[in-house]
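# Summary of structural features
Listed below, chain by chain, are the residues.
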Amino acid sequence: MRIIYAGTPEFAVPALQGLIDAGHDIVMVLTQPDRPAGRGMQLKASPVKQLALQHGLRVFQPESLKPAEVQSEIAAVNAEVLIVAAYGLIIPTAVLNIPTRGCYNIHGSLLPRWRGAAPIHRAILAGDAETGVTIMEVVPKLDAGNMISKWSVAITAADTTQTLHDAISREGARLMVEAMQTLQDSGCLASEVQDEALVTYAHKLEKAESAIDWTQSAQQLSRQVRAFNPFPVATAKFNDQVCKLWFAQAVAGQGEPGTVLQTHPLQVACGDGALELHELQMPGGKRQTAQQFVQGQHVQVGDRFF
C-alpha cells in the first residue's frame, strides 16, 4: 500500500523498517525538524529521518501540519494510509481525512489506560502489573480511537522505561505490519471501542518529579528510579552534589530516611523499607556500579542522601 509514515524518535524506527521490509510503498516520511543535540548543539536528524534517508525515502519536516500548503503537499502523494508512531506534532483533522484507508497509531500502553505523552513511565510509577502496546485508529481526540490489536507484557522489578520501551517498540512494529497486511488483504480492520470509564492519562514528565523523597516507601522509590531511566533520571544529593540514580530495587530495612544502612550492597533507608542502589552517576562523571560509587565517594554507614 501507499503509506505516509509519521514518527520521530527511536521508538518509531522498528515499525518503519518493518513496513519497508514488508514491501509497502512509503511515499512520504513525516518527522520533526532537525534539532540541536550534543555538546556542540549541532543540528541532528531524528532516528526516523536517518532510517528514511538510508532507504532513499522522501522526508518532509514541517514545523506544523496546520498550514494549507503543508496539507497540500501531504495530499499530493495520494497515500492510502497514514501511520503514526511517536511523531510529536498535532495532526489536524484535515490531514487525518487525506488517506483513503485511514490513519493508525502505535501507542505504548494497554488502552484505554494511559492515554497521553508518557504511558510507559506512568505505568511503572503507578505500580501496574502489566503494560503493552495498542494499535488504534487515529481520531482528533487524544488517543481515543478504536482499538485494533494489543500485546501485553508483565512489568517486573527489573524493568525500566528503557527495557519496556524496547520491547513495546519491537512488538508494536510487528502488530502494525500484521494490521497493514490484513488491511491490504481484506480492505478493512476489525476494531473495538474504548471504554471511557477506564481512561487514565499519562501526563508529560516534569523534571521536578525526578528528585527522590526518602520519606516515601522503598517500593515507590524503586518505581520512580526505574521509570525515570533513561530520562530524566532520578536524582538525590550526596556530599552536597546532585547524583543520578539509574537503577535501584526495594529491599527490607529500617532507619532514618536517607541514611546509609550498609555499603556492601549499598542500601539507603526509606520511609518504609530500604532502597538498594545498583547504578549511580556523579556530576561530570560516568555511570558507576554501587561499589565503584562507594569507593570513589568514601561512603560509610550513617552517611546521608538528601
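Refer to the structure printed above.
Presented here is an overview of the structure given in this document.

Rules used in this analysis
Residues numbered from 1 in each chain as written. Predicted model: local features only at pLDDT ≥ 70, side-chain atom pairs only at ≥ 80, totals over all residues. Heavy atoms only, no water. Core = buried A, V, L, I, M, F, W, Y, C linked by side-chain atoms within 4.5 Å. Buried < 20%, exposed > 50% of the residue type's maximum accessible area, 1.4 Å probe, protein only. Helix = DSSP H or I, 4+ residues; strand = E, 2+ residues; numbered from the N terminus. Contact = heavy atoms within 4.5 Å. 1 Å grid on protein atoms, 1.4 Å probe; cavity = no way out; pocket = protein on both sides within 12 Å on 5 of 7 lines; lining within 4 Å. Points joined across faces, edges and corners; volume = space filled by probe spheres on them. Nonpolar A, V, L, I, M, F, W, Y, C, P; charged D, E, K, R; others polar. Salt bridge = Lys/Arg side-chain N within 4 Å of Asp/Glu carboxyl O. Pairing = 2+ DSSP bridges.

### Some thoughts on the nonpolar core
- Grouped together as the largest cluster of nonpolar side chains are 46 residues, with contacts concentrated most on Tyr5, Leu16, Ile26 and Met180.
- Among the elements that take part in this core, helix α6 (residues 161–186) stands out by supplying nine residues, more than any other.
- Excluding residues that lie within four positions of it along the chain, tyrosine 5 makes contacts with Ala12, Ala15, Leu16, Leu19, Ile26, Met28, Val29, Leu30, Val48, Ile83 and Ala85.
- Ranked by size, the runner-up nonpolar core spans 24 residues in total, among them Trp214, Leu280, Met282 and Val299.

### Let's talk about the layout of surface pockets
- As a volume, the largest pocket reaches approximately 1,500 Å³.
- Looking at the largest pocket, it is lined by 41 residues, and the ones nearest its centre are Ala86, Gly88, Gly116, Ala117 and Ala118.
- Where the lining of the largest pocket is concerned, the elements lending two or more residues are β7 (103–107), α5 (119–125), β9 (130–137) and α6.
- Its residues placed into classes, the lining of the largest pocket shows 23 nonpolar, eleven polar and seven charged.
- Elements with a minimum of two residues in the lining of the second largest pocket: β3 (35–37) and α2 (47–54).
- If you tally residues by element for the lining of the second largest pocket, the top one is β3, at three residues.

### Regarding the pattern of salt bridges
- Across all of its chains, the model carries 13 salt bridges by this definition.
- In this structure, the salt-bridge partner of glutamate 178 is arginine 174, at a minimum N-O distance of 3.1 Å. Of this pair, glutamate 178 and arginine 174 both sit in helix α6, four residues apart, which is roughly one turn of the helix.
- We classify glutamate 178 as partly exposed; its relative accessible area is 41%.

### Examining the sheet that holds strand β5 (residues 59–60)
- Across the sheet, which stays open at both edges, the seven strands sit in the order β5-β2-β1-β6-β7-β9-β10 with mixed pairing between neighbours. Looking along the sheet, the strands with just one partner apiece sit at the ends: β5 and β10 (147–154).
- As judged from the five bridges shared by strand β1 (residues 2–7) and strand β6 (residues 81–85), these two strands associate in the parallel manner. Bridging across to β6, alanine 6 finds its partner in valine 84.

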